[in-house]
Amino acid sequence: MSKKDKNGFKPIVAVIMGSQSDWETMRHADETLAKFGIDHECRVISAHRSPSLAAEFGSSAESRGLEVVIAAAGGAAHLAGVLAAHTTLPVLGVPMRSEALNGLDSLLATVQMPGGIPVGTLAIGKPGAINAALLAASIVALNHPDVRERVRAFRAEQTNAVLAQPDPAIAE
Ligand code: RP5
């Protein structure tokens, strides 16, 4: 297991993306994890441009103390599958919206894993980035009661916001 650094920081979730160009979307996962007070790391690792690093990261993820890996990629999006091949940690895939096919290529490449190596695939783009972080929070909440409380509070907050304002014609 990894040790806390001198500031007490110990990442338990990794947000990996295939390119710097994915950050504009994946910063929403970063922000959501931060909102839940979950120590996490964000890194660019490409399955095809830096394949050895992808294998090394996946292989060492568990021993480094990570509990969940979020992997975002676009186009022929094999990053989540490659990372999942190297770890038994849960891997959550986020398909990036692509220029050519609007993310349908990324979605199919991420979600259509052959039986044996699962990738839990979320929606294309920003909703997927947010939900990957929320799902990661629910997973780590199994072992972190403080996170479980924050997830419950977040759900209650969302519900209360809907109940407090049922009239769609009233501006916020
Ligand atoms: C994928 O190719 C990345 O995840 C990104 O979504 C897409 C385009 O990458 P860049 O050409 O912008 O670096 O590997």
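Provided above is the structure to which this section pertains.
About the cut-offs
Residues numbered from 1 in each chain as written. Predicted model: local features only at pLDDT ≥ 70, side-chain atom pairs only at ≥ 80, totals over all residues. Heavy atoms only, no water. Helix = DSSP H or I, 4+ residues; strand = E, 2+ residues; numbered from the N terminus. Rg over C-alpha atoms; globule rule 2.2 N^0.38 Å. Buried < 20%, exposed > 50% of the residue type's maximum accessible area, 1.4 Å probe, protein only. Areas by Shrake-Rupley, 256 points an atom, 1.4 Å probe, with all protein chains shown as cover. Near = heavy atom within 4 Å. Polar contact = N/O pair within 3.5 Å; in protein donor to acceptor, adjacent residues only side chain to side chain. Nonpolar A, V, L, I, M, F, W, Y, C, P; charged D, E, K, R; others polar. Phe/Tyr/Trp six-rings, centres within 6.5 Å; stacked < 30°, edge-to-face > 60°. Salt bridge = Lys/Arg side-chain N within 4 Å of Asp/Glu carboxyl O. Pairing = 2+ DSSP bridges. Right-handed = clockwise from strand over helix to strand, strands pointing away.

Chemist: Go over the overall build of the protein chain with me, naming the residues and quoting the values.
Modeler: When helices and strands are tallied, the protein chain shows six helices and five strands. If you list the helices and strands of the protein chain from N to C, you get β-α-β-α-β-α-β-α-β-α-α. Over its C-alpha atoms the protein chain spans a radius of gyration of 17 Å, differing by no more than 12% from the 16 Å that the globule rule assigns to 172 residues. Across the 172 residues that make up the protein chain, the buried fraction comes to 42%. Split by element, the accessible area of the protein chain, about 9,400 Å² in all, is 57% carbon and sulfur.

Chemist: How would you sum up the site of the ligand? Please name residues and give values.
Modeler: As a structural note, the neighbourhood of the ligand is formed by Gly18, Ser19, Ser21, Asp22, His48, Arg49, Ala73, Gly74 and Met96. Ser19 is positioned with one of its side-chain polar atoms (N or O) 2.6 Å from an oxygen atom of the ligand. Class assignment for the residues of the shell around the ligand results in two nonpolar, five polar and two charged.

Chemist: Requested: an account of the packing of aromatic side chains, with residues and values cited.
Modeler: Evaluation of the coordinates by the stated rule reveals one aromatic pair. Geometrically, the ring pair formed by Phe36 and Phe154 is edge-to-face, given 5.5 Å between the ring centres and 70° between the ring planes. Here Phe154 lies in helix α6 (residues 145–164) and Phe36 lies in the loop between α1 (23–35) and β2 (40–44), a separation of 118 residues in the sequence.

Chemist: Tell me about the pattern of salt bridges, residues and numbers included.
Modeler: Taken as a whole, this structure holds five salt bridges when the rule is applied. Close ionic contact of Glu24 with Arg27 constitutes a salt bridge, the shortest N to O distance being 3.1 Å. Taken together, the residues span about one helical turn, with Glu24 and Arg27 both in helix α1 at a distance of three residues. Overall, Arg27 belongs to the partly exposed group, its relative accessible area being 24%. Put simply, Arg64 and Glu41 hold a salt bridge, and the shortest N to O gap is 2.8 Å. You can see Arg64 sitting in the loop between α2 (51–60) and β3 (68–73) and its partner Glu41 sitting in strand β2, a full 23 residues away along the chain. In this structure Glu41 comes out as buried when scored by relative accessible area, which is 14%. Connected through shared salt-bridge partners, Glu24, Arg27 and Glu31 make up one network.

Chemist: Report on the pairing of strand β1 (residues 13–17), specifying residues and quantitative values.
Modeler: Most of β1 is tucked away, with five of its five residues classed as buried. In β1, alternate side chains face the same way, and those of Val13, Val15 and Met17 on one face and Ala14 and Ile16 on the other are all buried. Bridge count for β1 against β2 is five bridges, and the pairing is parallel. Paired with Ile16 across the two strands is Arg43, which belongs to β2. Taken together, β1, α1 and β2 form a β-α-β motif whose crossover is right-handed. Across five bridges, β1 lies against β3 in parallel orientation. Bridge pairing in β3 links Ala14 to Val69.

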